[in-house]
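Examining the three-dimensional arrangement
Listed below are the residues making up each chain.
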Amino acid sequence: MPIQQNIGQMSFMNMLMQVQELPENQMANSHTPNLDPEFIDPEVTTALERTKTRPRAIQDMVELLSRCVGDNHSIQISSPARMYPQTVRDSIPYVELLQLFSNDWLDISVIHWFAMYFYESHNSRSAFFYPHHIKGDSCTKNSEGVQEHIIDMFMFHTDKTFFLAPYLADNHWTLIIICPSTERGYIIDSISREKDEHSYLLTSIIDEAFGFPFLWDMVNCKQQKNG
């Protein structure tokens, strides 16, 4: 049975935020984290092997992580007070954290964790939509439910200026930001060539939820190579 490890989200997130890419000539010698063989599987093994070529800071973080959790383990997180109308609990599988460190891949649970961290930033003027409720599959299969969530969050956070939507569709992350008071929306997409607001199902659902068309801007941001 999977073991669930509870770790303070703020303390662990602070460690994550301190991980920095080092120059290649400062790579650490490879090492093997202390993993119980009972929990090793191919995905974990592959990810661990890849971390041996990453900068020292990342290797040290993986070593620290391996002392807390193992394969088939997960970290349980809970949303901060008043982030959502009700407390939301999420689970981050160990292998998904390894994918973050080894391949720079972001699982939806990891993105949600970052959203929790930034929601608690001092004097934040932003609220977050729940990533699981607004992902591509939800927009396709239950657009009315997505609209309901959007309006519920808007009514719940009348004190917030911006609403951030970490949007996962077709295995790609896009950050959509809306400012209802100005009826403006901003799309930050690292693969945005030949795209506009109509390329995202969530933008039309947001327009329908509020009953008016937002003025959408494609934000100039760094683009993925070969994207």
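Preceding this paragraph is the structure being described.
Residues numbered from 1 in each chain as written. Predicted model: local features only at pLDDT ≥ 70, side-chain atom pairs only at ≥ 80, totals over all residues. Heavy atoms only, no water.

Structural notes on the overall build of the chain
Secondary structure summary: the chain contains 9 helices and 8 strands in total. Within the chain, contacts between residues at least 6 apart in sequence are counted, and of these 66% link residues at least 24 apart. Accessible surface, the chain as shown: approximately 12600 Å² in total, 49% of it carbon and sulfur. (Helix = DSSP H or I, 4+ residues; strand = E, 2+ residues; numbered from the N terminus. Contact = heavy atoms within 4.5 Å. Areas by Shrake-Rupley, 256 points an atom, 1.4 Å probe, with all protein chains shown as cover.)

Regarding the packing of aromatic side chains
Evaluated as defined, the whole model comprises 9 aromatic pairs. Relative to F163, the ring of F154 lies with its centre 5.8 Å away and its plane at 55°, an arrangement referred to as tilted. Taking the relative accessible area as the measure of exposure, F154 reaches 28% and is therefore partly exposed. Here F163 falls in the buried class, since its relative accessible area comes to 1%. Summarising the aromatic geometry, the rings of F210 and F212 are spaced 5.9 Å apart at their centres and angled 50° between planes, so their arrangement reads as tilted. One aromatic cluster is present, formed by F129, F154, F163, F210, F212, F214 and W216 through successive ring pairs. Positioned above the aromatic ring of F156 is the side chain of R82, whose terminal nitrogen or guanidinium carbon lies 4.5 Å from the ring centre. (Phe/Tyr/Trp six-rings, centres within 6.5 Å; stacked < 30°, edge-to-face > 60°. Buried < 20%, exposed > 50% of the residue type's maximum accessible area, 1.4 Å probe, protein only. Lys NZ or Arg CZ within 6 Å of the ring centre and 35° of its normal.)

A few points about the pattern of salt bridges
On inspection of all chains with the given rule, the structure shows 4 salt bridges. Across the pair K52 and E49 runs a salt bridge, and its minimum N-O distance is 2.8 Å. For K52, a relative accessible area of 21% gives the class partly exposed. Classification of E49 as partly exposed rests on a relative accessible area of 44%. Residue D104 is joined to R54 by a salt bridge in which the shortest nitrogen-to-oxygen separation is 3.6 Å. Placement of the pair is D104 in the loop between α4 (94-103) and α5 (108-119) and R54 in the loop between α2 (42-51) and α3 (56-68), with a sequence separation of 50 residues. (Salt bridge = Lys/Arg side-chain N within 4 Å of Asp/Glu carboxyl O.)

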